[in-house]
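Residue-level structural notes
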Amino acid sequence: MTALPDEQFLLLNALWLRKMATRGTMEENAGLSAAAAESCLRSAADHQLVRVMGDYYVLTDSGRRAVLDHYDSEFASLRGDPELLAWYERFEGYNARFLELMSAWQTEADEAKERTYARLARIVERHVEALAGAARWIPRYSHYAARFERSLEHVDSGRSDYVSSPMVDSLHNIWFEFHEDLLAVLGRPRESLED
Amino acid sequence: MTVIAEGMNVFETSKQPSGTVHYLADPQSVIALIDSGKLRDHILLVRGGTTTFLAPALTMGAIGVITMSGAPESHLGILSREFQTPCVMTAHLTGGSGSRYVPGETDDSHFEEIVEALNGKNVKLDCSDHDVGKVVLLD
């Protein structure tokens, strides 16, 4: 188990969470400057941790392994923390409700969507508040809060694609990536929890 | 019309994608299929409803998905609605041993039986019903 340099982890983790991403998406989701992302990507390509598919990047097997090893190396000491585990259990409760409301929002007639979105936004807002507490364990989680707040603002200004579209930094994308991140911190990555 | 498997329909659609079922076991097999340029020739079969490694295939234009576990409210269900990719979840065989997926209580033989029965078959997805999605054998 070896840890990656911090910025390298942020970049590769952004790609691991998104599965397939442009350089711009990785920069934004990792919170890195263009120069830092460029340098990390060059190094990752030299070490065959990423590969290019058209406009997108994907992780190689070695890249996936490097990301998961980093989680094991950096976060193993947190995995027995009862307060973090309790925080996670509360998140799972919110998660079930979030997914249910998101699915409803996608399939409802327009007149019902507004009410469902209001409930969805309340869950996201509560989660943003909870993230402030989780940042004491994992400071980079404050970046998820900033992304959620930005997407809530986009929806408020009429961009409904920021609710669930996979093509923008939507509430669903951010929520999913956070969930995946948290599971990996706890040593339970989905790739080993396929059911 | 022979229905060889059915499961929960993620969203109602008149689309009826057809192709050869291709079982995807891991992230590498997803990337290999995209690389082959034949992604659109296949209906994709995966084990879990949380199979997040399928996201690149949906992004690149997958035509249809069958899962062997998971619910329409899952991440994959939400993504398949966004991409309007017909998706049948927690599919079970209409023949065979009659095995059904039960979370936490289903062993590998259940999944192996479905892969054995569907992989390589030429099928069409019928997702026109609100609740039930069907896998129809074409030849």
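Residues numbered from 1 in each chain as written. Chains lettered and ligands numbered in written order. Predicted model: local features only at pLDDT ≥ 70, side-chain atom pairs only at ≥ 80, totals over all residues.

What follows is about the overall build of chain B. Secondary structure summary: chain B contains four helices and seven strands in total. The secondary structure elements of chain B, listed N-terminal to C-terminal, are β-β-α-β-α-β-α-β-α-β-β. Over its C-alpha trace chain B gives a radius of gyration of 13 Å, about what one expects of a compact globule, namely 14 Å for 139 residues. Scored against the burial criterion, the 139 residues of chain B give a buried share of 48%. By sequence separation, contacts in chain B at least 24 residues apart represent 54% of the contacts at least 6 residues apart. (Helix = DSSP H or I, 4+ residues; strand = E, 2+ residues; numbered from the N terminus. Rg over C-alpha atoms; globule rule 2.2 N^0.38 Å. Buried ≥ 20, exposed ≤ 12 C-beta atoms within 10 Å, placed from the backbone. Contact = placed C-beta atoms within 7 Å.)

All names here are of chain A. Here the domain parsing of chain A yields domain 1 (6-74) and domain 2 (81-192). Inter-centroid distance (C-alpha atoms) of domain 1 to domain 2 is 22 Å. Each side of the interface is counted separately: domain 1 has seven residues, and domain 2 has nine residues. Contributions of two or more residues to the side of domain 1 that touches domain 2 are made by helix H1 (6-18) and helix H4 (61-75). The element contributing the most residues to the side of domain 1 that touches domain 2 is H4, with three residues. Partitioning the side of domain 1 that touches domain 2 into residue classes produces three nonpolar, one polar and three charged. (Domains from an automatic or database assignment. Nonpolar A, V, L, I, M, F, W, Y, C, P; charged D, E, K, R; others polar.)

So, about the nonpolar core. Within the largest apolar cluster, 85 residues are counted, with the highest numbers of intra-cluster contacts made by Leu11(A), Leu12(A), Leu15(A), Leu44(B), Leu54(B) and Ala57(B). Two domains each donate at least three residues to this core, and these are domain 1 (6-74) and domain 2 (81-192) of chain A. With residues near it in sequence (within four places) discarded, Ala57(B) still touches Val30(B), Leu33(B), Ile34(B), Leu39(B), Leu44(B) and Ala62(B). (Core = buried A, V, L, I, M, F, W, Y, C linked by C-beta atoms within 7 Å.)

With that out of the way, let us pick up the sheet that holds strand S3 (residues 42-46) of chain B. Within a sheet, neighbouring strands are paired by backbone hydrogen bonds and run either parallel or antiparallel to one another. Residues and elements named next belong to chain B. Here we have seven strands rolled up into a closed barrel, ordered S1-S5-S4-S3-S2-S6-S7, and mixed in their pairing. Within the sheet, the average angular offset between the axes of one strand and its neighbour, ignoring direction, is 40°. Examined bridge by bridge, strand S1 (residues 2-9) and strand S5 (residues 87-93) share four bridges and lie antiparallel to one another. Looking at the pairing, Glu6 lines up with His92 of S5. Packing of helix H4 (residues 108-118) onto the sheet brings it into contact with S1, strand S2 (18-23), S3, S5 and strand S7 (132-137), and relative to S5 it is tilted by some 100°. (Pairing = 2+ DSSP bridges. Axes fitted to C-alpha atoms, helices over the stretch in contact; angles between N-to-C directions.)

On to the interface of chain B and chain A. At the interface, 25 residues of chain B touch 23 residues of chain A. Listing elements by their share of the side of chain B that touches chain A, those giving two or more residues are helix H1 (27-36), helix H2 (55-59) and helix H3 (75-83) of chain B. Top element by residues in the side of chain B that touches chain A is H3(B). It accounts for six residues. When its residues are assigned to classes, the side of chain B that touches chain A shows eleven nonpolar, ten polar and four charged.

Bringing the pairing of strand S6 (residues 122-126) of chain B into the picture now. All names here are of chain B. Where S2 meets S6, three bridges bridge the pair, whose relative direction is antiparallel. Residue pairing for S6: Thr20 is matched across the bridge by Asn122. In the sheet, S6 pairs with S7 via four bridges, with the strands oriented antiparallel. When the sheet's bridge partners are listed, Lys124 is paired in S7 with Val136. Linking two consecutive strands that pair antiparallel, namely S6 and S7, is a turn of five residues.

Here we come to H1(B). All of the buried residues in H1(B) are Pro27(B), Val30(B), Ile31(B), Leu33(B) and Ile34(B). Buried positions in H1(B), seen along its axis, are confined to an arc of 160° and lie on one side of it. The outward face of H1(B), more than 90 degrees from its buried face, is lined by the exposed residues Ala32(B), Asp35(B) and Ser36(B). Looking at the packing, one finds that the buried side of H1(B) touches strand S1 (50-53), strand S2 (56-59) and H4 of chain A together with S2, S3 and H2 of chain B. Downstream of H1(B) by one or two residues, Gly37(B) has phi in the positive range, about 80°. (Arc of directions from axis to C-beta.)

Side-chain direction in a regular strand flips from residue to residue, so the side chains alternate between the two faces of the sheet. Examined bridge by bridge, S1(B) and S7(B) share six bridges and lie antiparallel to one another. Bridge pairing links Val3(B) to Val136(B) in S7(B).

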